[in-house]
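Coordinate inspection notes
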Amino acid sequence: MTGALKSSKRSIDRRQVLLMVLATIACLGLAVLGGILAIFTPLVFDRSGNLMNPVAWLGFVFAAAFWVVCLLAPLAGWILWRKGDTPLAWAAMAIPLAWGAVALTLLQFVPV
């Protein structure tokens, strides 16, 4: 009878947990910086003509939403890690880096 019961105990790699905690702390730090960035994103439209510039709007949306992505990515990463899907968990933790790179790239093309 004991062979019929499945054990849900998995070995937990402490190094993976430590790296996930460090990545979460880094994302929370980036979220604080992203919140400050979000406060100043309306300044993208200070120059005349930027209101009709689609690149300015994309830069605005990506920069304003950066802090939200930094908060949701670790949550998704921990949920995926708990389900046992480690590669997707690390991909979720990397989303804020990619999002920030796209936001900074788009903001460079907005005329000052």
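Residues numbered from 1 in each chain as written. Predicted model: local features only at pLDDT ≥ 70, side-chain atom pairs only at ≥ 80, totals over all residues. Heavy atoms only, no water.

1. Topic: the confidence of the model for the protein chain
- Looking at the protein chain, pLDDT values average 91 and 91% of them are 70 or higher.
- Confidence, read as mean pLDDT per element, is least for helix α2 (residues 54–64) in the protein chain (94) and greatest for helix α3 (residues 66–83) (96). (pLDDT = per-residue confidence, 0-100. Helix = DSSP H or I, 4+ residues; strand = E, 2+ residues; numbered from the N terminus.)

2. Brief notes about the nonpolar core
- Counting residues in hydrophobic clusters, the biggest one holds five residues: Met 20, Ala 23, Trp 81, Ala 89 and Met 93.
- Broken down by secondary-structure element, the contributors of at least two residues to this core are α1 (14–40) and α4 (86–108). (Core = buried A, V, L, I, M, F, W, Y, C linked by side-chain atoms within 4.5 Å. Buried < 20%, exposed > 50% of the residue type's maximum accessible area, 1.4 Å probe, protein only.)

3. A short note on the packing of aromatic side chains
- Under the definition given, this model contains five aromatic pairs.
- Ring geometry for Phe 45 against Trp 57: centres 4.6 Å apart, planes inclined by 45 degrees, an arrangement best described as tilted. Here the residue Phe 45 occupies a position in the loop between α1 and α2, and Trp 57 occupies one in helix α2, the gap between them amounting to 12 residues.
- Residue Phe 45 is classed as buried on the basis of its relative accessible area, which comes to 19%.
- Seen in terms of ring centroids, Trp 57 and Phe 60 are 5.9 Å apart; in terms of plane orientation they differ by 85 degrees. Their pairing is edge-to-face. With Trp 57 and Phe 60 both in helix α2 and three residues apart, this pair spans about one turn of that helix.
- The class of Trp 57 is partly exposed, set by a relative accessible area of 38%.
- In textbook terms, an aromatic cluster arises when at least three aromatic residues are bridged by ring pairs, as seen for Phe 45, Trp 57 and Phe 60. (Phe/Tyr/Trp six-rings, centres within 6.5 Å; stacked < 30°, edge-to-face > 60°.)

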